[in-house]
Amino acid sequence: MDELNGKLIACQILITGLIARVANEQRDPLRFLTDFRDEIKAVVTGVNIAGMESTDRVRAVALKTVDELFSLMKPPSSD
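My aim in this report is to walk through the structure given alongside it, one point at a time. As the structure is a prediction and not an experimental result, all values here were calculated from the model. (Residues numbered from 1 in each chain as written. Predicted model: local features only at pLDDT ≥ 70, side-chain atom pairs only at ≥ 80, totals over all residues. Heavy atoms only, no water.)

### Some words on the packing of aromatic side chains
Part 1 of the reasoning: A complete count under the given rule lists two aromatic pairs for this structure.
Part 2 of the reasoning: Seen from their ring centres, Phe32 and Phe36 are 5.8 Å apart, and the 15° between their planes marks the pair as stacked. Taken together, the positions of Phe32 and Phe36, both in helix α2 (residues 29-46) and four residues apart, correspond to about one turn of that helix.
Part 3 of the reasoning: With relative accessibility at 22%, the residue Phe32 sits in the partly exposed group.
Part 4 of the reasoning: Between Phe36 and Phe70, the aromatic rings sit 6.1 Å apart at their centres with planes inclined by 55°, giving tilted as the arrangement. One end of the pair, Phe36, is in helix α2; the other, Phe70, is in helix α3 (residues 56-71), with 34 residues separating them in the sequence.
Part 5 of the reasoning: Judged by its relative accessible area of 12%, Phe70 is buried.
Part 6 of the reasoning: In this structure an aromatic cluster arises from ring pairing among Phe32, Phe36 and Phe70. (Phe/Tyr/Trp six-rings, centres within 6.5 Å; stacked < 30°, edge-to-face > 60°. Helix = DSSP H or I, 4+ residues; strand = E, 2+ residues; numbered from the N terminus. Buried < 20%, exposed > 50% of the residue type's maximum accessible area, 1.4 Å probe, protein only.)

Below, the structure is given as structure tokens:
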């Protein structure tokens with residue numbers, strides 16, 4: 001289980017870096033990140049999760065993970 005958690009953390013770091021790289025190339029990076037976060041949340045909210053009676057917990061964890069990923073990104077420095 002620790003190996004799986006490590007791989008998931010590595011994927012989250014990779015995705016965070018990729019999103020930040022794309023955002024830095026945009027004219028308005030903060031607006032891009034906000035719009036992208038909203039789109040990802042809409043996908044998580046609307047995705048069909050099969051094989052479970054109650055998907056509320058899975059969906060809540062997924063939304064929390066999205067919030068955590070985007071909370072790692074800081075606005076550009078003023079330097």
